[in-house]
Amino acid sequence: MRKFIDKCMSAVEQLLNWLAVVMFIVIFCAAMAQIVMRWIFNNPFTWSEELIRLLFVWICFLGWTFASKHGTHIQITAVINTLPPMGQKILATFNLLLTIMFSVLLVVYGIEMTRKGVSLPGVNFAMVYVACPACNAVICIYEILKIFDLWIPKAEVKEASV
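None of these values were measured; they are calculated from a predicted model.

Novice: Help me understand the environment of Val-36 in this model?
Specialist: In this structure, Val-36 sits in helix H1 (residues 2-39). Classification of Val-36 as partly exposed rests on a relative accessible area of 35%. Separated by 15 residues in the primary sequence, Val-36 and Leu-51 place their C-alpha atoms 16 Å from one another.

So this is what it looks like as structure tokens:
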């Protein structure tokens, strides 16, 4: 079962990585096109800034997802480092549970916000708002898996399945 979950999460991570790369490329191309149209042809696009803003919001949420997966958020470890290993595990679990609770709130209210999404002519802001519940749902899964890894290391899972 754990092998299947790891494969699924690896596929999700690859998809998110490619999505972020594509979004960065689209942002770059839209910005360059806007510059050319504004300065050379004196006829700027009306949609490029909104597209860039929408994709930037998505990239911020994807970045939060990546940082959560790899544990690269800023941490102050002065207190944690003074604790014994069991205390460190308990505090890490508490931290992960808080992150899960916060992400669940963002999923719930993000879905509500997406449903109420404001629409302007040509722009549906639900596309922006859906980044919040989508990325936070993935963060919840990552954090739950971290808790399992913390208390049941993968080596023990392999031994139990043999």
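Novice: Hey, could you run me through helix H4 (residues 85-115) in this one?
Specialist: A turn of α-helix holds 3.6 residues, and therefore any two residues three or four places apart point the same way. Given a rise of 1.5 Å per residue, 31 residues ought to cover 45 Å, and the 45 Å separating the end C-alpha atoms of H4 matches this to within 8%. All buried positions along H4 are accounted for by Thr-93, Leu-96, Ile-100, Ser-103, Val-107, Gly-110 and Thr-114.

Novice: Help me understand the packing of aromatic side chains, please; the structure alone is not making it clear to me.
Specialist: Describing an aromatic ring pair means giving the distance of the ring centres and the angle of the ring planes. One pass over the structure, following the stated rule, counts three aromatic pairs. Aromatic pair Phe-61 and Trp-64: ring centres 6.2 Å apart, planes at 40°, arrangement tilted. Of the two residues, Phe-61 and Trp-64 both sit in helix H2 (residues 48-70), three residues apart, roughly one turn of that helix. Joined through ring pairs, the aromatic side chains of Phe-61, Trp-64 and Phe-102 make up one cluster.

Novice: Looking at this model, I keep getting lost on the side chain of Asn-136. Mind explaining?
Specialist: Looking at where Asn-136 falls in the secondary structure, it is placed in helix H6 (residues 131-151). What makes Asn-136 buried here is its relative accessible area of 0%. Dropping the residues within four chain positions of it, Asn-136 is found in contact with Phe-61, Trp-64, Ser-103, Leu-106 and Val-107.

Novice: What's the story with the environment of Trp-39 in this structure? I'm lost.
Specialist: In this structure, Trp-39 sits in helix H1. Classification of Trp-39 as exposed rests on a relative accessible area of 71%. The spatial distance from the C-alpha of Trp-39 to the C-alpha of Val-104 is 45 Å, given a sequence separation of 65 residues.

The rules behind these values
- Residues numbered from 1 in each chain as written.
- Predicted model: local features only at pLDDT ≥ 70, side-chain atom pairs only at ≥ 80, totals over all residues.
- Heavy atoms only, no water.
- Helix = DSSP H or I, 4+ residues; strand = E, 2+ residues; numbered from the N terminus.
- Buried < 20%, exposed > 50% of the residue type's maximum accessible area, 1.4 Å probe, protein only.
- Expected span 1.5 Å × (residues − 1).
- Phe/Tyr/Trp six-rings, centres within 6.5 Å; stacked < 30°, edge-to-face > 60°.
- Contact = heavy atoms within 4.5 Å.

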